[in-house]
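Commentary on secondary and tertiary structure
If you want the building blocks of each chain, they are given just below.
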Amino acid sequence: MPTPHNNALPGQIASTVLLPGDPLRAKMIAETFLENVEMFNDVRNMFGYTGTYKDRRISVMGSGMGMPSIGIYSYELYTQYGVENIIRIGSAGAYTDKIHIYDVVLVEGAYSESSYAKTAFGYDEDVLLPDAELTSRLEKAAKDLGLPVVKGIIHSSDVFYRGKNAVTFTQIEKEHHCVGVEMESFALFANARYLNKKAACLVTISDSLVTHEVTTAEERQMSFTKMMEIALEMAE
């Protein structure tokens, strides 16, 4: 049944959901890649769609920015709509000059100083892991498509702007071996672990904290197609 954040009806959402942060990216994916598309959610303009890709039923929905937002949407997808697999497809900033804008990162773990997992479920770890099977399938799909991916640990941060006395990204990169930063994966992995569901994550590098390369908002919305193709190819 509908929730305060999702007006989908039972059966309207597939068992596998791609979850970009930007709802307009979800709209673009649905319009570009899916057939027989049906919108299932427009509450708060957090658009969600179900369609078919190569005759496989799949859904795509925005998650918003930050752990509280993806925490709500993913929890409800898992518990209220029978979703089994969620693949986050988002953007990230690079912490190292070894990766560049438009590179795709296959996330092997999410480090965070966030209290999300502790507050929600009593988890004390500061690194949470994606589902191994989904991650392996994403890697295989990328290989089959001939699309390179970088594997690494991502930093899931609670904040976007940091003051001059805050821990720097260079410290985080050095101490926790994070290749980049985003704001959602840690919460998604916590929810999946608690609910015995599956989650994985692909991110495209949108900017670099090292080289200061940057993409525009329109480029982030429209041009991050490699990770979309990888996620769609492995989805079932």
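Not measured: the values here are computed from a predicted model.

This brings us to the overall build of the protein. When its secondary structure is counted, the protein shows 8 helices and 10 strands. Expected size for 236 residues packed as a compact globule is a radius of gyration near 18 Å; at 17 Å, the protein falls within 12% of this value. Projected onto its principal axes, the C-alpha coordinates of the protein cover approximately 50 × 40 × 30 Å. Sorting the 236 residues of the protein into buried and exposed places 53% on the buried side. Sequence separation of at least 24 residues holds for 77% of the intrachain contacts in the protein that already meet a minimum separation of 6. Total accessible area on the protein is roughly 10900 Å²; 52% of this is exposed by carbon and sulfur atoms. For the protein, the centre of its 21 positive side-chain charges and the centre of its 31 negative side-chain charges are spaced 2 Å apart.

What follows concerns the packing of helix H2 (residues 67-80) against helix H6 (residues 185-195). Packing of H2 against H6 leaves a shortest axis separation of 8 Å and a crossing angle of 30°. Between H2 and H6, the crossing angle belongs to the class labelled roughly parallel. Judged by the sense of rotation from one axis to the other, the crossing of H2 with H6 is right-handed. Counting all contacts with H2, which are made through Met67, Ile70, Gly71, Ser74, Tyr75, Tyr78 and Thr79, the residues of H6 involved are Phe186, Ala187, Leu188, Asn191, Ala192, Tyr194 and Leu195. Of the residues in the contact of H2 with H6, the class split is 10 nonpolar, 4 polar and no charged.

This paragraph deals with the packing of helix H4 (residues 132-145) against helix H8 (residues 225-234). Interhelical geometry of H4 versus H8 gives an angle of 115° and a closest axis separation of 8 Å. Classified by the angle their axes make, H4 and H8 are roughly perpendicular. As H4 runs across H8, the sense of the crossing is right-handed. Residues Leu134, Arg137, Leu138, Ala141, Ala142 and Leu145 of H4 pack against Glu229, Ile230, Ala231, Glu233 and Met234 of H8. Looking at side-chain class alone, the contact of H4 with H8 contains 8 nonpolar, no polar and 3 charged residues.

Looking now at the pairing of strand E2 (residues 35-41). In this structure, E2 lies alongside strand E3 (residues 48-53), joined through 4 bridges in antiparallel fashion. Residue pairing in the sheet places Glu38 in a bridge with Thr50 of E3. Count of turn residues in the E2/E3 antiparallel hairpin: 6 residues, of which Arg44 carries a positive phi of about 55°.

Moving on, we come to unusual backbone geometry. A positive phi angle, close to 60°, is found at His177, a residue other than glycine. You can see His177 is positioned in the loop between helix H5 (169-176) and strand E9 (178-182). The residue Asn196 is not glycine, and still its phi comes out positive at about 60°. Note on placement: Asn196 falls in the loop between H6 and strand E10 (198-208). With a relative accessible area of 70%, Asn196 lands in the exposed category.

For helix H1 (residues 23-33), every residue scored as buried is listed here: Pro23, Arg25, Ala26, Met28, Ile29, Ala30 and Phe33. At the N-terminal end of H1, a side-chain oxygen is found 2.8 Å from the backbone nitrogen of Leu24, two or three residues along, and the residue is Asp22.

How each quantity is defined
Residues numbered from 1 in each chain as written. Predicted model: local features only at pLDDT ≥ 70, side-chain atom pairs only at ≥ 80, totals over all residues. Heavy atoms only, no water. Helix = DSSP H or I, 4+ residues; strand = E, 2+ residues; numbered from the N terminus. Rg over C-alpha atoms; globule rule 2.2 N^0.38 Å. Buried < 20%, exposed > 50% of the residue type's maximum accessible area, 1.4 Å probe, protein only. Contact = heavy atoms within 4.5 Å. Areas by Shrake-Rupley, 256 points an atom, 1.4 Å probe, with all protein chains shown as cover. Lys, Arg positive; Asp, Glu negative; His and termini not counted. Charge placed at Lys NZ, Arg CZ, Asp CG, Glu CD. Axes fitted to C-alpha atoms, helices over the stretch in contact; angles between N-to-C directions. Parallel < 35°, antiparallel > 145°, perpendicular 65-115°, else oblique. Left-handed = near helix turned anticlockwise from the far one by under 90°. Nonpolar A, V, L, I, M, F, W, Y, C, P; charged D, E, K, R; others polar. Pairing = 2+ DSSP bridges. Polar contact = N/O pair within 3.5 Å; in protein donor to acceptor, adjacent residues only side chain to side chain.

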